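Listed below, chain by chain, are the residues.
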Amino acid sequence: MAYFGDNAVQAWVDFSLEAAAIRDDYNISGLNDNGTGRFTVNIDTDMANELYCVLATGSGAYGQTLSNTNYNRYAEAVVTSASAVSVACFAPDNGVFVDINYCGVAILGDLS
């Protein structure tokens, strides 16, 4: 069952920084590579304002069982405008930015 309306997931993307490729998305116009482990997700239909929620997840694995060699990647996101989200992926043990194989971003709130 799909949910549409206020406060629903209005945009999402599943992509690889290593391959610089979007695997699948909804309401995303593209990505900007801002250097190793840093990128901007561009929203196709803008959010109503900058008061929305963004969630990000990252992993070295995609389609694999997690292990002690591929789980140790983090992703954090921050709202930068009604049309874009800034995301950073890094290794938790040293805080170094890294390009990872799996990154997912979900955007919740109201569209303009």
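For every chain, the first residue of the written sequence is number 1, and numbering continues from 1 along that sequence. Confidence filtering applies because this is a predicted model: local features only for residues at pLDDT of at least 70, side-chain atom pairs given and counted only at 80 or more, and all residues used for totals across whole chains, interfaces and linings. To get the side-chain values, take all heavy atoms of the structure and skip hydrogens and water.

Participant: Just to check I follow, could you spell out the sheet that holds strand β8 (residues 102–109) for this structure?
Facilitator: Through backbone hydrogen bonds, the strands of a sheet pair up, either in parallel or in antiparallel fashion. Strand pairing follows a simple DSSP-based rule, namely that at least 2 bridges must link the two strands. Going along the chain from the N terminus, every DSSP run of H or I of four or more residues is numbered as a helix, and every run of E of two or more is numbered as a strand. Strand order in the open sheet formed by 4 strands is β2-β1-β8-β5, and the pairing between neighbours is antiparallel. The open sheet is flanked by β2 (21–26) and β5 (53–59), the only strands paired with a single partner. Ignoring strand direction, the axes of neighbouring strands in this sheet form an average angle of 10°. In this structure, β5 lies alongside β8, joined through 7 bridges in antiparallel fashion. Bridging from a neighbouring strand, Ala56 pairs with Val105 of β8. Only the stretch in contact is used when fitting a helix axis, every axis being a line fitted to C-alpha atoms; angles between N-to-C directions are given from 0 to 180 degrees.

Participant: Quick question: what am I supposed to make of unusual backbone geometry here?
Facilitator: Keep in mind that most residues, glycine aside, have a negative phi and that most peptide bonds are trans. The backbone phi angle of Asn27 is positive, close to 60°, even though this residue is not glycine. Tracing the sequence through the fold places Asn27 in the loop between β2 and β3 (28–33). Partly exposed residues are those whose accessible area sits between 20% and 50% of the maximum for their type, while under 20% is buried and over 50% is exposed, using a 1.4 Å probe and protein chains only. For Asn27, a relative accessible area of 13% corresponds to the buried category.

Participant: Hey, could you run me through the sheet that holds strand β6 (residues 74–81) in this one?
Facilitator: Spatially, 4 strands are ordered β3-β4-β7-β6 in an open sheet, and the strand pairing comes out antiparallel. The open sheet has two edge strands, β3 and β6, and neither has a second partner. Adjacent strand axes in the sheet meet at a mean angle of 25°, parallel and antiparallel pairs treated alike. Here 5 bridges tie β3 to strand β4 (residues 38–43), and the two strands are oriented antiparallel to one another. In the strand pairing of β4, Gly30 is matched with Asn42.

Participant: Sorry, what's going on with a nonpolar patch on the surface here?
Facilitator: What makes a patch is a set of residues exposed beyond 30% relative accessible area and free of salt bridges, joined within 9 Å when like-charged and within 5 Å when nonpolar (Val, Leu, Ile, Met, Phe, Trp, Tyr). For the accessible areas, the method is Shrake-Rupley and the probe is 1.4 Å, while residue cover comes only from the protein chains on display. Between Lys or Arg on one side and Asp or Glu on the other, a salt bridge is scored when a side-chain nitrogen of the former is within 4 Å of a carboxyl oxygen of the latter. A cluster of nonpolar residues, Val9, Trp12 and Tyr26, forms a patch on the protein surface that exposes about 260 Å² of accessible area. When you line up the elements, Trp12 lands in strand β1 (residues 8–16).

Participant: Teacher, can you tell me more about the pairing of β4 here?
Facilitator: The side chains of a regular strand alternate between the sheet's two faces. For β4, the buried fraction is high: 5 of the 6 residues fall into the buried class. Hairpin remark: β3 followed by β4, antiparallel, with 4 residues in the connecting loop; positive phi at Gly35, about 115°. Note: β4 against strand β7 (residues 84–90), 5 bridges, orientation antiparallel. If you follow Thr40 over to β7, its bridge partner there is Ser86.

Participant: I keep staring at the packing of aromatic side chains and nothing clicks. Help me out?
Facilitator: For any two aromatic rings, the description comes down to two numbers: the centre-to-centre distance and the angle of the planes. Aromatic rings from Phe, Tyr and Trp, with only the six-membered ring used for Trp, were paired whenever their centres fell within 6.5 Å, and each pair was classed as stacked if the ring planes differed by under 30 degrees, edge-to-face if by over 60, and tilted otherwise. Under the criterion given, the structure shown has 1 aromatic pair. Each ring, one from Phe15 and one from Phe39, has its centre 4.7 Å from the other, and the planes form 85°; the classification is edge-to-face. One end of the pair, Phe15, is in strand β1; the other, Phe39, is in strand β4, and 24 residues separate them in sequence. With a relative accessible area of 1%, Phe39 lands in the buried category.

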